[in-house]
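Results of the structural survey
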Amino acid sequence: AGHLAFYLGDDDAAYRLNAQLAAGARTTGAVGDLLFALQRLALAEICTGRWAAAEVSATEAERLSKETSQPGLRAVSLGWLVVLAVLTGNEERFQSLLAETEELSRAHGLGVFDALVRDAMAWARGLHELTTGNPESAVAWFSAMSHPAVAGMAAALDRIEAAIHGGRRDEALEWLGRLDAFATHTGIPSTQARVAHCRALLAEGETARSLFE
């Protein structure tokens with residue numbers, strides 16, 4: 001359920017369920033469960049604005065994955081740390097972690113985690129380009145994303161904002177259309193809030209203000 005919540009864009013459920021899973025794994029000493037819970041919890045904490053907590057969760061998951069020789073899970077955790085480095089404006093850490101994650105990805109087959117890690121790095125690169133005033137380059141990175149939980153939900157606001165600022169309104173509307181259809185179908189508040197935010201970016205004046213609120 002904690003895993004599925006990301007695909008629905010249900011940020012609150014993703015945070016609550018994965019926090020519960022991590023706490024239970026700690027109580028029983030189930031390191032395997034804790035590894036999966038922590039890397040999912042880190043993403044949930046990113047999506048809900050708990051960036052300091054996400055840093056702690058991802059760092060612990062990265063350490064445990066390294067100590068138990070699980071490069072796939074380690075790469076996922078490193079990917080979230082790369083995203084966090086951009087969000088918090090730490091350029092040196094961003095470059096260092098990005099290089100480390102790419103090297104790990106080249107050295108090991110990531111299997112089922114490959115698409116997730118690639119999207120995490122593309123998200124981070126797109127954010128970096130967006131925050132340094134290169135929205136067109138950002139759109140290129142966001143367009144390369146394909147994982148439904150990351151591209152379709154977690155990074156939805158960033159990719160649509162990049163498309164708008166990059167003069168790619170048609171692309172922004174296409175991405176927003178998919179998100180809107182999903183939000184209408186599920187009725188999940190956090191997904192609907194993403195839609196309202198993106199519509200506000202495309203609107204002006206009182207309409208934009210109302211949508212942001």
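Refer to the structure printed above.
Let us look at the structure shown here. (Residues numbered from 1 in each chain as written. Predicted model: local features only at pLDDT ≥ 70, side-chain atom pairs only at ≥ 80, totals over all residues. Heavy atoms only, no water.)

Scanning the protein from terminus to terminus reveals 13 helices and 0 strands. Relative to the globule expectation of 17 Å for 213 residues, the C-alpha radius of gyration of the protein, 17 Å, shows essentially globular dimensions. Dimensions along the principal axes, computed over C-alpha positions, put the protein at roughly 55 × 35 × 30 Å. The buried share of the protein, taken over its 213 residues, is 46%. Residue pairs in contact within the protein that sit at least 24 positions apart in sequence constitute 57% of those at least 6 positions apart. Each charge class in the protein was averaged separately, 18 positive and 27 negative side chains, and the resulting centres sit 3 Å apart. (Helix = DSSP H or I, 4+ residues; strand = E, 2+ residues; numbered from the N terminus. Rg over C-alpha atoms; globule rule 2.2 N^0.38 Å. Buried < 20%, exposed > 50% of the residue type's maximum accessible area, 1.4 Å probe, protein only. Contact = heavy atoms within 4.5 Å. Lys, Arg positive; Asp, Glu negative; His and termini not counted. Charge placed at Lys NZ, Arg CZ, Asp CG, Glu CD.)

With that out of the way, let us pick up empty space enclosed by the protein. For the structure on display, the rule yields 1 cavity of 30 Å³ or more. Its boundaries defined by the atoms lining it, the largest cavity holds a volume of some 40 Å³. Considering the residues around the largest cavity, the lining is formed by Ala-5, Phe-6, Gly-9, Asp-10, Asp-11, Ala-14, Cys-47, Ala-149, Met-153, Ala-154 and Arg-194. (1 Å grid on protein atoms, 1.4 Å probe; cavity = no way out; pocket = protein on both sides within 12 Å on 5 of 7 lines; lining within 4 Å. Points joined across faces, edges and corners; volume = space filled by probe spheres on them.)

On to helix 5 (residues 71–87), then. Between its first and last C-alpha atoms helix 5 spans 24 Å; for 17 residues at 1.5 Å apiece the expected length is 24 Å, and the two agree. Most of helix 5 sits inside the fold, with 15 of its 17 residues counted as buried. Directly after helix 5, the chain includes Gly-89, whose backbone phi takes a positive value near 75°. (Expected span 1.5 Å × (residues − 1).)

Another aspect to go through is the packing of helix 6 (residues 91–107) against helix 7 (residues 114–131). Viewed as axis vectors pointing N to C, helix 6 and helix 7 meet at an angle of 155°, and their least axial separation amounts to 11 Å. By the criterion of interaxial angle, the relationship of helix 6 to helix 7 is roughly antiparallel. Crossing of helix 6 against helix 7: the hand is left-handed. Within the contact between the two elements, helix 6 uses Glu-91, Phe-94, Gln-95, Leu-98, Thr-101, Glu-102 and Ser-105 and helix 7 uses Val-117, Met-121, Ala-124, Arg-125 and His-128. Broken down by class, the residue content of the contact of helix 6 with helix 7 amounts to 5 nonpolar, 4 polar and 3 charged. (Axes fitted to C-alpha atoms, helices over the stretch in contact; angles between N-to-C directions. Parallel < 35°, antiparallel > 145°, perpendicular 65-115°, else oblique. Left-handed = near helix turned anticlockwise from the far one by under 90°. Nonpolar A, V, L, I, M, F, W, Y, C, P; charged D, E, K, R; others polar.)

Quick look at the nonpolar core now. Residues Trp-80, Phe-94, Val-117, Trp-123, Phe-142, Met-145 and Ile-160 are the most contacted members of the largest nonpolar core, which totals 67 residues. The element best represented in this core is helix 5, accounting for 11 residues. Not counting residues within four places of it along the chain, the set of residues in contact with Trp-123 comprises Leu-43, Ile-46, Trp-80, Val-83, Phe-142, Met-145, Val-150, Ala-154, Ala-155 and Asp-158. (Core = buried A, V, L, I, M, F, W, Y, C linked by side-chain atoms within 4.5 Å.)

Across all of its chains, the model carries 13 salt bridges by this definition. Taking the shortest distance from any N to any O, the salt bridge between Arg-93 and Glu-55 comes out at 2.7 Å. Separated by 38 residues along the polypeptide, Arg-93 in helix 6 and Glu-55 in helix 4 (residues 51–67) bring together distant segments of the chain. Judged by relative accessible area, which is 30%, Arg-93 ranks as partly exposed. Glu-55 gets classed as partly exposed once you look at its relative accessible area, which sits at 23%. Between Asp-114 and Arg-118 there is a salt bridge; the shortest N-O distance is 2.8 Å. (Salt bridge = Lys/Arg side-chain N within 4 Å of Asp/Glu carboxyl O.)

Inspection of every chain in the model, using the stated rule, returns 1 aromatic pair. The interplanar angle of 40° and the centroid separation of 6.4 Å between the aromatic rings of Phe-36 and Phe-113 together place this pair among those described as tilted. One end of the pair, Phe-36, is in helix 3 (residues 31–47); the other, Phe-113, is in the loop between helix 6 and helix 7, with 77 residues separating them in the sequence. The partly exposed category is assigned to Phe-36, whose relative accessible area is 34%. A cation over an aromatic ring shows up here: Arg-159 above the ring of Trp-175, its NZ or CZ 4.1 Å from the ring centre. (Phe/Tyr/Trp six-rings, centres within 6.5 Å; stacked < 30°, edge-to-face > 60°. Lys NZ or Arg CZ within 6 Å of the ring centre and 35° of its normal.)

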